[in-house]
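Now for the letters of each chain:
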Amino acid sequence: MTITGLRGKRRAALSGADSGAVPDDREGAPAPATVAEPSSPPAVAPAAFGGISRFRARPDVNDVLHYFTSSRWALMGPTLLVCALMMGIVSEVMPDLISALCIAAATALCAPASLYARLERRILHDGWQRYPLMALAVVLPMGLFGFGAARWTNLHSGLDWDVTVNVYVIVVLMATALLENRLTSIIGATIGLWGGGSIYAGSPASFGLLAVGGTIGLILAVNQARVAASQSQVHSEREREQRRAEQLLHEYEQTGQGWFWETDRLGKITYVSERIATLLGKGVGDLEGRPFTGLFMLEAQGQQSERTLVFHLNTRSSFQDLDVRAASVGEDERWWSISGRPVLDQFNNFMGFRGSGTDLTEKRRSQQHVTQLARFDSLTKLANRFQMAEWLEKILTSPRIETRACAVFLLDLDRFKQVNDTMGHPAGDSLLKQVAERLGGTVGDRGRVGRLGGDEFQVVLHGAQQREGLAHLARRIIENISQPYSIDGARVTIGASVGIALCPDDGTTSEALIRNADLALYAAKGNGRGRHHFYDEDLHSDARERQQLEEDLRDAIASGSLELHYQPQVRTTTERITGFEALLRWKHPVHGYLSPAKFIPVAEETGLVAQIGEWALRTACRDLAGWPEEVRVAVNVSPLQFANPALPAIVTSAIAAAGINPARLELEITESVFLGEDKSTESMFAALKGIGVRLALDDFGTGYSSLGYLKKAPFDKIKIDQSFVRGATVPGSRNGAIISSIVSLAEALGMETTAEGVETLDELDLVRVLGCSHVQGFIYARPITCEAATVKLSESLVAVAQGPRSARPPRQTMLRKVMLEHGSHNYQGTIRNISLSGAMIEGLWNVPEGTVFGVHLSEGYVMMAKARWCKEDRIGVEFAQTLDVDGNGAVLFTPARHKRERSEQSQLRRTA
């Protein structure tokens, strides 16, 4: 029975390889009928695999090349008996005893042919033992039969030699057929048969002819052996290669690296690898006979390769490496790459397709992962810089001009670097993830959100945008991002600044929009952070100014142009100087002295603050070495310096180099170092206190931490920020109560207090009454150089308060014509400056102190005022009621819209 299809051919090929079959050069040659040997597997029909080669799986095919015997030789015994019977029937005489014994012995020796074959297969192919075995199995039986037949013929006249010769011919032909082209064995059988007859005849002529025949046979046998050896090697190599190919293909399928398939001319599956059937959740038998296209999801959108597959199948053309999605069961998505070619018969008739496939699932997953890494931020899963730039460029290059409108937000997190420095990068990464979630939730479907890197984010809004709506969205983003976060159990608060640029107002290219949004972001951060800013053309000049300032600051550090000025800290009870605070000053070669508020942020952003801080610390210690022992110096430590593990070593080195007592050095630390409240903060405090320096909490009450750190941090002093001191003497102000509470808290914790920014005598009296232990401010002295401080300390440690009695409200300079009404007289005057409580008016001479006027500030708006002083043509008046101001703090010259109380109305008089 013939096994059809690729599966049957492959099974037949594998069976032939296992049984020792060798390829036959004759394409499709039929196998002759054989009798199976006991030790050999059954014969199978011709088969082929992959169209490469065909096999004839005959058990003894390879015996032709080497082996002399065959299990089929057993049929020779019955053949000899039949031939003897034919001789007896023809001659009608029976053989004598010797002839009968010879014929019987010949028949008996042929019977164990299978035994001879097994014995010979245990002998090496070139072993001499094979020849005696051949003589026993083939030559001897044929010789005995020839001898017996010749004796029988000579002894009985009724049996002619023509009959015997014909019998010999029949026996030789049968031997040739049974020995299957084994030339050596056939020659041996022929010589044995005729030799047996010649021996009985004993004539010289017969021996001579036998010798000639034997010689010819020997020559032919030697040549046959040579040919057999050559063919054996070729066949052996071909068989070995075929077996190796079969094994490789089998392993290739089993390991899942690839698979094979075959269809008929109707596109129905005739073969498919078992592994593919398993992946599809079916059996091989279930798939055979079904359409080949049923293995794939042809209706999936966007899969051009599958439509190409259908095209190739319909046009009967070859294809290679087509990506298709498998119709696999479950949610596990699998992809294959398939190749195939049409199969034609010898008459070029289309027989179907045959091909192979490989699994692309892992490759596609890897490609998707690479795409994810290339286009998305691995931490926040937002679009990365590349994808945001690609999307923005796509908007700006839209074919229609009206669709190119968009808005770009650039966001920068405020105080994020402090989180990284104080809590570590893992905490920073966790914070960025939460920020990304809030930012994405706030923007929603209005635009696309991406992370550019670090703590920078970008938002692109497509379409025409109103500035009011963008401002509202920016405020919502800032508000949401500024809400507290929970990081590893700690409460963290940061902020955000936003820069906004619009297309086409602020640029029509991605480079211009990003640059202008970045300038707007810098302006937002420069205006106090936590706010948004739209791009303006003036920002270019500001950016150039900042860049120049950064370059000049680097040059100043390199050339040593920075200075330290010292402002005294005075004890309130003795009015003696107890120490100085070191304040950084920079005299710019062009602009003169610059405010630290202008160049310190630049130093923080560029990373120069650590270098400047170390220089200030060493310089202050060196200057302190020349002052009296009871005088201390206070040096500010930035959060970046505090987060540096090397800070204790730097402080120790500065103290040792100056040769001062560590207790004379006071480090002022802001509340921002407690942002993380982790163990490293406590370790740093312990290390600094171990050195022996004093610690002061600077700008108390203006930070974003809690009072909980006061029970952990070993502070020696709390500095009350000047924002609480200023305005504390104004009636109704709550600042005094806040100062009193801070003083009480410090005293309960055993800490000193220093009130900063005291400028007037009434403020000095207030903080002294409230119990502040130290005062620092212009009331005693402005910051002075080291030389001036040394001179001052050499003269006396006593400080004298000098300044105004009370703080004067800020005044607004102007030239405004007004009319002053006194009794029945009206006077013209000009306001030179004005504040909320009074004004200086020019144009009236010799006005007595206490004179009451009605000042016409505008039409229908009269404010009652009293003269406090007069000098030449100028008078100072105090209004009976505080004036109103607008949103920018400017004085209003129109009445407020809200209703005034009756007590206030009595101070005003309206004119018709």
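This text follows the structure it describes.
Residues numbered from 1 in each chain as written. Predicted model: local features only at pLDDT ≥ 70, side-chain atom pairs only at ≥ 80, totals over all residues. Heavy atoms only, no water.

Participant: Please clarify how the packing of aromatic side chains should be interpreted in this entry.
Facilitator: Evaluation of the coordinates by the stated rule reveals 15 aromatic pairs. Between Phe292 and Phe296 the ring centres are 5.3 Å apart and the planes differ by 85°, which places this aromatic pair in the edge-to-face class. Across the pair, Phe296 and Phe292 agree in class, each one buried. Centre to centre, the rings of Tyr566 and Trp627 are 5.0 Å apart; their planes meet at 85°, and the pair counts as edge-to-face. Here Trp627 lies in the loop between α21 (609-624) and β19 (632-637) and Tyr566 lies in strand β16 (residues 562-571), a separation of 61 residues in the sequence. For Tyr566, a relative accessible area of 0% puts it in the buried group. Ring-pair connections join several aromatic residues into one group, and the members of that group are Trp259, Trp261, Phe292, Phe296, Phe319, Trp336, Phe350 and Phe353. Above the ring of Tyr485, the side-chain terminus of Arg438 is found at 3.7 Å from the ring centroid. A cation sits over an aromatic face here: Arg448 above Trp391, 4.4 Å from the ring centre. (Phe/Tyr/Trp six-rings, centres within 6.5 Å; stacked < 30°, edge-to-face > 60°. Buried < 20%, exposed > 50% of the residue type's maximum accessible area, 1.4 Å probe, protein only. Helix = DSSP H or I, 4+ residues; strand = E, 2+ residues; numbered from the N terminus. Lys NZ or Arg CZ within 6 Å of the ring centre and 35° of its normal.)

Participant: Is there a simple way to think about a nonpolar patch on the surface in this case?
Facilitator: Taken together, the side chains of Trp161, Val165, Val169, Leu173 and Trp194 present a nonpolar region at the surface, about 440 Å² in accessible area. The leading source of residues in the nonpolar patch is helix α7 (residues 161-179), at four residues. Among the secondary structure elements, Trp194 is positioned in helix α8 (residues 183-201). Judged by relative accessible area, Trp194 falls into the partly exposed class, the value being 33%. (Patch = residues over 30% accessible without salt bridge, like charges linked within 9 Å, V, L, I, M, F, W, Y side chains within 5 Å. Areas by Shrake-Rupley, 256 points an atom, 1.4 Å probe, with all protein chains shown as cover. Salt bridge = Lys/Arg side-chain N within 4 Å of Asp/Glu carboxyl O.)

Participant: Would you take a moment to explain the nonpolar core for this structure?
Facilitator: Proteins that are soluble and globular tend to have nonpolar side chains buried together. Core analysis: the largest hydrophobic core is formed by 76 residues, its most contacted members being Leu553 and Leu665. In terms of residue count, the dominant contributor to this core is α21 (seven residues). In this structure, Phe416, Ala427, Val435 and Ala496 belong to the second largest nonpolar core, which totals 36 residues. (Core = buried A, V, L, I, M, F, W, Y, C linked by side-chain atoms within 4.5 Å.)

Participant: Even after reading the chapter, I still don't get the environment of Lys282, so can you show me in this structure?
Facilitator: For Lys282, the position within the fold is in the loop between α10 (274-279) and α11 (284-287). Note: C-alpha distance between Lys282 and Ser328 (46 residues apart in sequence) is 9.8 Å. Here Lys282 is in contact with Ala277, Leu287 and Arg290, once residues within four sequence places are set aside. (Contact = heavy atoms within 4.5 Å.)

Participant: Can you walk me through the sheet that holds strand β5 (residues 269-272) in this structure?
Facilitator: Two pairing modes exist for strands in a sheet, parallel and antiparallel, and in both the strands are linked by backbone hydrogen bonds. One open sheet holds the five strands; their spatial order is β5-β4-β8-β7-β6, and the pairing between them is antiparallel. Each edge of the open sheet carries a strand with a single partner, namely β5 and β6 (319-325). Strand-to-strand twist in this sheet, taken as the mean axis angle between neighbours without regard to direction, amounts to 25°. Two elements, strand β7 (residues 335-344) and strand β8 (residues 350-359), share nine bridges in a ladder whose sense is antiparallel. (Pairing = 2+ DSSP bridges. Axes fitted to C-alpha atoms, helices over the stretch in contact; angles between N-to-C directions.)

Participant: Honestly, unusual backbone geometry in this entry has me stumped. Any pointers?
Facilitator: When glycine is set aside, most residues are seen to have a negative phi, and most peptide bonds are trans. Omega for the bond connecting Cys503 with Pro504 falls within 30 degrees of zero, at 10°, which places this linkage in the cis form. Within the secondary structure, Pro504 sits in the loop between β14 (495-503) and α18 (510-526). One non-glycine residue, Asp321, lies in positive phi territory at about 55°. On the basis of relative accessibility, which here comes to 51%, the residue Asp321 falls in the exposed class.

Participant: Mind showing me how you'd approach helix α15 (residues 416-423) here?
Facilitator: What sets the pattern is the α-helix's 3.6 residues per turn: residues three or four places apart point alike. Among the eight residues in α15, six count as buried, and that is most of the element. Here α15 has its buried residues at Phe416, Gln418, Val419, Asn420, Thr422 and Met423. Lining the buried residues of α15 we find β9 (406-414), α16 (425-443), β12 (485-487), β13 (490-492), α22 (639-642) and α24 (679-691). Looking one or two places after α15, you find Gly424, whose phi comes out positive at around 100°.

Participant: Just to check I follow, could you spell out the pairing of strand β28 (residues 852-858) for this structure?
Facilitator: It is a general feature of regular strands that their side chains alternate between the two faces of the sheet. Counting buried positions along β28 gives six out of seven residues, so the element sits mostly inside the fold. In terms of strand pairing, strand β25 (residues 812-822) meets β28 through three bridges, oriented antiparallel. Counterpart to Leu820 in the pairing with β28 is Val855. Bridge analysis of β28 against strand β29 (residues 861-871) gives six bridges, and the strand direction is antiparallel. Bridging across to β29, Phe853 finds its partner in Ala865. Counted along the chain from β28 to the antiparallel partner β29, the turn is two residues long, and its residue Gly860 has a positive phi close to 80°.

Participant: Would you mind showing me how to read the pattern of salt bridges here?
Facilitator: Close approach of charged atoms allows side chains with opposite charge to pair. As enumerated under the stated definition, the model contains 28 salt bridges in all. Between Glu237 and Arg240 there is a salt bridge whose closest N-O contact spans 2.2 Å. One end of the pair is Glu237 and the other is Arg240, both in helix α9 (residues 204-254) and three residues apart, which spans about a single turn. Note on Glu237: relative accessible area 34%, which makes it partly exposed. Shared partners join several salt bridges into a network, and the residues in it are Arg571, Arg632, Glu666, Arg694, Lys717 and Glu752.

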